[in-house]
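Notes for the structure review
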Amino acid sequence: MHALNLQAKPLSLSERLADLAVDALIDEADLSPKPALVDRRGNGAHTDLHLGLMHASALSLWPAFKEMAEAAVDIGAVDTALREAIGRIGREGEQAMLATTNGVNTHRGAIWALGLLVTAAALEPKSSSANAVSVRAARLALLDDRYAPKPLSHGAQVALRYGARGAREEAQLGFPSMLQRGLPQLKRSRANGHGEQNARLDALLAIMTDLADTCVLYRAGEQGLQAMQHGAQAVLDAGGSASLSGRRRLHALDQQLIALNASPGGAADLLAATLLLDRIERDGILQGAF
Ligand SMILES: CC(C)(COP(=O)(O)OP(=O)(O)OC[C@H]1O[C@@H](n2cnc3c(N)ncnc32)[C@H](O[C@H]2O[C@H](COP(=O)(O)OP(=O)(O)OP(=O)(O)O)[C@@H](O)[C@H]2O)[C@@H]1O)[C@@H](O)C(=O)NCCC(=O)NCCS
Ligand SMILES: Nc1ncnc2[nH]cnc12
């Protein structure tokens with residue numbers, strides 16, 4: 001190669017999708033002020049998480065997202081082989097995350113949701129509307145993975161106790177909280193000229209109005225979940241994050257959820273998933289380049 005040829009090698013589809021997924025996770029972590037979650041202001045309701053850890057965790061997941069997209073390109077169909085391949089890669093990604101965070105669960109739900117979406121996008125890069133990608137992701141989530149361990153996770157415990165629909169069901173239903181709440185609100189708030197950060201906060205709140213966040217249920221029971229859902233709706237009803245009245249209610253919600261130890265970690269993951277789908281859909285990066 002010529003010594004002055006500094007042109008970077010173009011990214012592969014899988015690398016590009018892994019970049020988009022990690023960017024979405026970092027954007028979610030940085031977004032502030034999020035109620036009771038880790039953000040630029042602090043640790044919210046968490047004692048074992050902080051912003052640097054969220055960033056390091058997001059970066060540690062890049063190889064897993066890339067490998068999932070590569071598996072989709074290699075296998076080329078929604079079938080058990082692909083489901084089991086991404087299950088294995090997802091579990092390895094979780095180990096990489098835990099090694100990076102010294103055992104703290106930062107992004108388990110995000111590996112699941114964004115992993116499915118990255119895989120689904122890589123399968124058919126020319127069919128990259130939010131709907132189309134979510135439907136393929138849901139079909140993958142419905143397939144059984146023979147090798148998946150069945151631990152009594154926090155999600156499984158609250159599913160038994162409250163009959164809640166957790167991360168698995170959210171994906172199997174085609175991510176309704178994202179397609180029916182988060183993404184439409186993101187677009188509405190943008191169209192109303194609320195600014196990108198407020199639009200993202202409003203999207204998070206819209207997801208929180210309806211989600212059975214098993215992270216909240218595990219930490220704060222049904223009282224916590226009601227506080228999260230009603231409080232998020234109250235902020236939106238007051239005009240959203242861009243309005244003074246909405247901001248006052250957002251501050252009150254932050255205080256209330258912190259007092260209840262009710263961190264909406266599942267909603268945060270679904271916001272990251274929303275931001276990923278929005279980019280895939282808007283930028284047309286996948287159609288143009290590959
Ligand atoms: C299918 C799995 C997602 C497993 O699901 P399950 O419900 O059995 O397991 P959990 O361990 O509880 O993880 C679910 C995580 O998903 C997020 N979440 C919660 N509610 C929802 C919802 N309704 N919809 C979507 N997503 C949701 C949430 O993640 C965030 O919170 C995490 C912190 O929460 P928590 O675990 O309670 O906190 P801890 O630190 O452990 O405890 P304390 O702080 O309270 O002490 C944070 O990580 C956020 O990400 C839930 O935690 C999936 O994991 C699975 O099967 N994986 C296997 C690999 C695989 O097949 N991969 C497929 C390829 S992608
Ligand atoms: N910003 C955040 N704070 C706490 N838990 C999370 N899980 C995913 N994103 C999170």
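Scroll up a little and you will see the structure.
These notes cover the structure that comes with them. A quick note: this is a predicted structure, and the numbers were derived from the prediction, not measured.

Reading the values: rules and limits
Residues numbered from 1 in each chain as written. Chains lettered and ligands numbered in written order. Predicted model: local features only at pLDDT ≥ 70, side-chain atom pairs only at ≥ 80, totals over all residues. Heavy atoms only, no water. Helix = DSSP H or I, 4+ residues; strand = E, 2+ residues; numbered from the N terminus. Rg over C-alpha atoms; globule rule 2.2 N^0.38 Å. Buried < 20%, exposed > 50% of the residue type's maximum accessible area, 1.4 Å probe, protein only. Lys, Arg positive; Asp, Glu negative; His and termini not counted. Charge placed at Lys NZ, Arg CZ, Asp CG, Glu CD. Contact = heavy atoms within 4.5 Å. Phe/Tyr/Trp six-rings, centres within 6.5 Å; stacked < 30°, edge-to-face > 60°. Lys NZ or Arg CZ within 6 Å of the ring centre and 35° of its normal. Near = heavy atom within 4 Å. Polar contact = N/O pair within 3.5 Å; in protein donor to acceptor, adjacent residues only side chain to side chain. Areas by Shrake-Rupley, 256 points an atom, 1.4 Å probe, with all protein chains shown as cover. Nonpolar A, V, L, I, M, F, W, Y, C, P; charged D, E, K, R; others polar. Core = buried A, V, L, I, M, F, W, Y, C linked by side-chain atoms within 4.5 Å.

On a plain count of helices and strands, the chain comes out with 14 helices and zero strands. For 290 residues, the compact-globule estimate of 2.2 N^0.38 gives 19 Å, and the C-alpha radius of gyration of the chain, at 19 Å, lies within 12% of that figure. For the chain, the spread of C-alpha atoms along the principal axes amounts to about 55 × 45 × 35 Å. Relative to its 290 residues, the chain shows a buried fraction of 52%. In the chain, which carries 29 positive and 31 negative side-chain charges, the distance between the mean positions of the two groups comes to 3 Å.

As a further point, take the side chain of serine 263. Within the element layout of this structure, serine 263 appears in the loop between α12 (244-260) and α13 (265-283). For serine 263, the contacting residues outside a window of four places in its chain are Ala36, Leu37, Ala45, His46, Cys215, Val216 and Arg219.

It is worth spelling out the environment of aspartate 278 at this point. When you line up the elements, aspartate 278 lands in helix α13. Placed 228 residues apart in sequence, aspartate 278 and histidine 50 show a C-alpha to C-alpha distance of 26 Å. Sequence-distant contacts of aspartate 278, defined by excluding residues within four places in its chain, comprise Leu183, Leu186 and Arg190.

Quick look at the packing of aromatic side chains now. This structure, assessed with the given rule, holds zero aromatic pairs. Sitting above the plane of the tryptophan 112 ring, arginine 168 keeps its charged end 5.9 Å from the centroid.

The next subject is the site of ligand 2. Residues in contact with ligand 2, as listed here, are Glu28, Lys34, Leu37, Val38, His46, Leu49, Met54, Thr106, Gly265, Ala268 and Asp269. Here threonine 106 contributes a backbone N or O atom positioned 3.4 Å from a nitrogen atom of ligand 2. The protein chains hide 96% of the 260 Å² of surface that ligand 2 would expose on its own. No other element matches the three residues that α13 contributes to the shell around ligand 2. Residue classes in the shell around ligand 2 are distributed as five nonpolar, three polar and three charged.

In the vicinity of ligand 1, 33 residues are found, and the nearest of them are Asn105, Ser153, Gly155, Ala212 and Asp269. Between an oxygen atom of ligand 1 and a side-chain N or O atom of arginine 83, the distance comes to 3.3 Å. Between asparagine 105 and ligand 1, the recorded distance is 2.6 Å, taken from a side-chain N or O atom to an oxygen atom. When isolated, ligand 1 has an accessible area of 1200 Å², and the protein chains bury 87% of it.

Glancing now at the nonpolar core. The biggest cluster of nonpolar side chains holds 84 residues, and the ones touching the most others in it are Phe65, Leu114, Leu116, Leu117, Phe175, Met208 and Leu276. For this core, the leading source of residues is helix α5 (residues 108-123), giving twelve residues. Leaving out residues up to four positions away in the same chain, methionine 208 has contacts with Pro35, Met228, Gln229, Ala232, Leu253, Leu257, Pro264 and Ala267.

We now examine unusual backbone geometry. That bond from serine 32 to proline 33 is cis: its omega, -5°, falls within 30 degrees of zero. By the secondary structure assignment, proline 33 is in the loop between α1 (13-30) and α2 (51-60). Positive phi is not limited to glycine here, since asparagine 261 has a value of about 60°. Tracing the sequence through the fold places asparagine 261 in the loop between α12 and α13.

As far as function goes, none of this settles anything; it's purely spatial.
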